[in-house]
Amino acid sequence: MQQEGQNVIWTGAVDLTDNGRITPQAGDFVGFYVTGYDAAGNQFPVVSNSEASPIPELAVDDTDFERQWIRLGAVGPELRVKSISLSDDHIAPGSNIVINAEVINIGGSTPALFKVAFYSGDDEMPFDTVAVAGIDGDEVVKVSTTWSAEDVDRVRVVVDYDNLIVEVNDDDNSAEHSIDIAYGQYFGWFDSPRESPLAWIFIITSILVLIGVASIAARTTIDHGEGVFSDEEEWEEEDDDDEDDDDEDDD
């Protein structure tokens, strides 16, 4: 027992099984109270110290709004980042990268809304947040966002960004994914032929075919200019000369 100001803090070890007679299970509520006398012979007070009203937690330690009871096991939600993936592993600063994250709940379900935050490098403020409207136990929820890539070595995803969900452990609410900067700024398109060679072969072949068709068409186009009509006139004059020769022969 140690007194700090107006608070008396008790420290000790308790066998919840009572020498093996009790089998604690997840979801059980446990309360503590103390009977007997202190060193001065004074009986311990029974106000907020009885079987019906156990000793309350300190207000600063109360995170589940059950100040006089401790709940065993993670019957409440327990959120984690299961995985993080990127749409492209060869990144150039300035390119748009889709970040996909999977959030899993290994505890009990919750209908409460919480946010998943996405961070770039060591930034303290997220560049985007995605809201999730509740999650069931053992459910996996996929969230994604588009990131304008920066010259950093990692991206980070944090679930329950505002810390609104009461969990047994908040230390596993974040995860990171390393970043490989493969190109200079805005030169990420160089990696496209490597990733999609057939598409680029088709594009280049199509361009060459179009150029060839346009060239052939230009050479075989019918000339409707002035030269066409002058040729027709020459043919007509030749026909007239032939007719005159025929008339002279008849004479």
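All figures in this text were calculated on a predicted structure; none of them were measured in a lab.

Draft legend 1. Layout of the overall build of the protein chain. Across its full length, the protein chain holds three helices and eleven strands. Listed by position from the N terminus, the elements making up the protein chain come as β-β-β-β-β-β-β-β-β-β-β-α-α-α. Taking all 251 residues of the protein chain together, the buried fraction comes to 22%. Counting contacts in the protein chain only where the partners sit at least 6 residues apart, residues at least 24 apart contribute 62% of the total. Accessible surface computed for the protein chain: about 17600 Å², of which carbon and sulfur atoms make up 51%.

Draft legend 2. Summary view of the side chain of Glu78. Positionally, Glu78 belongs in the loop between β4 (70-71) and β5 (79-86). As a buried residue without a salt bridge, Glu78 has its nearest oppositely charged side chain in Arg80, at a separation of 5.0 Å. Setting aside residues up to four positions removed in sequence, Glu78 forms contacts with Ile104, Asn105, Ile106, Gly107, Glu167, Val168, Asn169 and Asp172.

Draft legend 3. Representation of the layout of surface pockets. Of the volumes computed, that of the largest pocket is approximately 950 Å³. Counting only elements with at least two residues in the lining of the largest pocket, the list comes to β1 (2-4) and β2 (7-9). The element best represented in the lining of the largest pocket is β2, accounting for three residues. Broken down by class, the residue content of the lining of the largest pocket amounts to 18 nonpolar, ten polar and three charged.

Draft legend 4. Highlighting the sheet that holds strand β6 (residues 96-105). Across the sheet, which stays open at both edges, the three strands sit in the order β5-β6-β9 with antiparallel pairing between neighbours. Strands at the two margins of the open sheet, each flanked by one partner only, are β5 and β9 (140-148). Strand-to-strand twist of the sheet, defined as the mean angle between neighbouring strand axes without regard to direction, takes the value 25°. Sheet analysis places β5 next to β6, joined by seven bridges and oriented antiparallel. Bridge pairing in β6 places Val81 opposite Val103.

About the cut-offs
- Residues numbered from 1 in each chain as written.
- Predicted model: local features only at pLDDT ≥ 70, side-chain atom pairs only at ≥ 80, totals over all residues.
- Heavy atoms only, no water.
- Helix = DSSP H or I, 4+ residues; strand = E, 2+ residues; numbered from the N terminus.
- Buried < 20%, exposed > 50% of the residue type's maximum accessible area, 1.4 Å probe, protein only.
- Contact = heavy atoms within 4.5 Å.
- Areas by Shrake-Rupley, 256 points an atom, 1.4 Å probe, with all protein chains shown as cover.
- Lys, Arg positive; Asp, Glu negative; His and termini not counted.
- Salt bridge = Lys/Arg side-chain N within 4 Å of Asp/Glu carboxyl O.
- 1 Å grid on protein atoms, 1.4 Å probe; cavity = no way out; pocket = protein on both sides within 12 Å on 5 of 7 lines; lining within 4 Å.
- Points joined across faces, edges and corners; volume = space filled by probe spheres on them.
- Nonpolar A, V, L, I, M, F, W, Y, C, P; charged D, E, K, R; others polar.
- Pairing = 2+ DSSP bridges.
- Axes fitted to C-alpha atoms, helices over the stretch in contact; angles between N-to-C directions.

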